[in-house]
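Structural characterization, general
Below are the chains, spelled out letter by letter.
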Amino acid sequence: MHWLSRRGISSDIALKAIAISAVVFNHAHPVRPFDYAGGMTVLLMLSGYSFARFALQSGDAQSVRRAVASLALKIWLPCAAIVLLSFVVRQKFSLSELLFFSNLFSREFLTFMFVWYPQVLLQILAFTFLLFCIPAAADGFLRNPLRGSLVLLTLAIVTTTFWPEVPHATLPWRVAWNFLLGWVAFFLLRDRNAHTLGMRKTALVAGTVVCAGAVFGPADPQFWTLSAAMTILALKSSLILPSIAVRVLYVVGQASFTIFLLHTIFLRVHRKVLGLYDQDGAWIFAMIASTLAWVAGAAAMRAYRRVSNERTAEFVGGAKNMLRPSPQVG
């Protein structure tokens, strides 16, 4: 059958789908026999991987800053909307959450999502923007982005190792290494030179194991989750799976940020509105509802762009007709 035929999917998209599914599973299962930790750790690394592909291949510092600002705006707008909605529903207000810095001193939040993740991302992006405002740093990085990423990763690992942990807060300089590891992975794997690719893949996996071991220790599930994810990313650029699995993983992977933003809301709907307490049912409900929200939003955006392009084409065509000289009579 067609849906059983085998197709390929990029390993980073498949890993993103699995990671966000694990995050929602954990949040839907407050009572569970085992802590399936590491989904957010993998997501943060993959966010860095995608960021490097999206923003850091530009040829000049101005292009990088423009890409960083564009990405930050795309993250901030939907998060700010959820933050404000949460304040209205709860009838409570937090200035630190509204300004996206509450993670620096607290893990408690009013917002109907785990707001520390977008806060950390935006703070890392702000640092990156400022870094590329320094001509010497920007030029040095763009001349050799792999070397620049390795230098930043090393500094971040040292900071994480020696900076005292704050149990009640999520500090960006303690988790930035995870994001920067994604940069290193992208630049190591970007060059497909067959003579050095195997060595670079081995170095990437070994380096990840060392970094994860230094930060988490081998007893922490996050150590194993991140190490396994990086091994798959390094050794398999694409995964060959049944067509139906590829379709599901692709949609969930593309929708991962929307799922993160909305899954807590749908978990609340499942319990408080529908009055259902089944943990597996809550997980499935939140995954499906969040994914469908992304599908609806993506379809609406495509329709808007199509109508906008058609109107632009009509306007341009009308303007050309007006400028065209009238035919001479007689």
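Residues numbered from 1 in each chain as written. Predicted model: local features only at pLDDT ≥ 70, side-chain atom pairs only at ≥ 80, totals over all residues. Heavy atoms only, no water.

So, about the packing of helix α2 (residues 39-55) against helix α8 (residues 172-190). When two helices pack together, their arrangement is given by the angle between the helix axes and the distance between those axes. Direction vectors running N to C along α2 and α8 enclose 50°, while the axes themselves pass 7 Å from each other. As the angle between them shows, α2 and α8 are arranged oblique. Both α2 and α8 take part in a crossing whose hand is right-handed. Contacts between α2 and α8 involve T41, L44, M45, S47, G48, Y49, F51, A52 and R53 from the first element and V175, N178, F179, L181, G182, W183, A185, F186 and F187 from the second. (Axes fitted to C-alpha atoms, helices over the stretch in contact; angles between N-to-C directions. Helix = DSSP H or I, 4+ residues; strand = E, 2+ residues; numbered from the N terminus. Parallel < 35°, antiparallel > 145°, perpendicular 65-115°, else oblique. Left-handed = near helix turned anticlockwise from the far one by under 90°. Contact = heavy atoms within 4.5 Å.)

It is worth spelling out helix α9 (residues 194-215) at this point. Helix length check: α9, at 22 residues, gives a terminal C-alpha distance of 32 Å against a target of 32 Å (1.5 Å per residue), a fit within 8%. Taken together, the buried positions of α9 are occupied by L197, R200, K201, L204, V205, T208, C211 and A212. Looking down the long axis of α9, one finds its buried residues gathered within 135° of arc, a one-sided arrangement. Residues of α9 that are exposed and angled more than 90 degrees away from the buried face: H195, M199, T202 and V210. Close packing links the buried residues of α9 with α7 (145-162), α8 and α10 (221-235). One or two residues past the end of α9 sits G217, with phi positive at roughly 85°. (Expected span 1.5 Å × (residues − 1). Buried < 20%, exposed > 50% of the residue type's maximum accessible area, 1.4 Å probe, protein only. Arc of directions from axis to C-beta.)

Ranked by internal contacts, the top residues of the largest apolar core, which has 84 residues, are L56, W183 and L233. When near neighbours in sequence (up to four residues on either side) are disregarded, L233 contacts S11, D12, L15, M45, L46, Y49, A185 and L189. (Core = buried A, V, L, I, M, F, W, Y, C linked by side-chain atoms within 4.5 Å.)

Our next topic: the environment of A169. Here A169 lies in the loop between α7 and α8. Judged by relative accessible area, which is 3%, A169 ranks as buried. With 67 residues separating them along the chain, A169 and S102 place their C-alpha atoms 8.3 Å apart.

With respect to the helices and strands, the residue T264 is situated in helix α12 (residues 256-273). Taking relative accessible area as the criterion, T264 reaches 15% and is therefore assigned buried. When near neighbours in sequence (up to four residues on either side) are disregarded, T264 contacts F112, M113 and F114.

The subject of this paragraph is a positive patch on the surface. Positive charge collects at one region of the surface, where K74, R302, R305 and R306 lie side by side. A per-element tally of the positive patch places helix α13 (residues 279-323) first, with three residues. Along the chain, R305 turns up in helix α13. In this structure R305 comes out as partly exposed when scored by relative accessible area, which is 47%. (Patch = residues over 30% accessible without salt bridge, like charges linked within 9 Å, V, L, I, M, F, W, Y side chains within 5 Å. Areas by Shrake-Rupley, 256 points an atom, 1.4 Å probe, with all protein chains shown as cover. Salt bridge = Lys/Arg side-chain N within 4 Å of Asp/Glu carboxyl O. Lys, Arg positive; Asp, Glu negative; His and termini not counted. Charge placed at Lys NZ, Arg CZ, Asp CG, Glu CD.)

Although it is not a glycine, Q91 sits at a positive phi angle of roughly 55°. Within the element layout of this structure, Q91 appears in the loop between α3 (61-90) and α4 (95-98). Judged by relative accessible area, which is 72%, Q91 ranks as exposed. Positive phi outside glycine occurs at F100, with the angle close to 65°. Within the element layout of this structure, F100 appears in the loop between α4 and α5 (116-131). When its relative accessible area of 7% is taken as the criterion, F100 is described as buried.

Turning to the packing of aromatic side chains, a few remarks are in order. Each aromatic ring pair is summarised here by two numbers: the centre-to-centre distance and the angle between the ring planes. On inspection of all chains with the given rule, the structure shows 18 aromatic pairs. Note on F51 and W183: the rings are 5.6 Å apart at their centroids and 25° apart in plane angle, and the pair reads as stacked. In this pair, F51 is assigned in helix α2 and W183 in helix α8, connecting sequence segments 132 residues apart. Its relative accessible area of 1% is what places F51 among the buried residues. Judged by relative accessible area, which is 1%, W183 ranks as buried. Put simply, the rings of Y49, F51, F132, F141, F179, W183, F186 and F187 pair up and form one aromatic cluster. (Phe/Tyr/Trp six-rings, centres within 6.5 Å; stacked < 30°, edge-to-face > 60°.)

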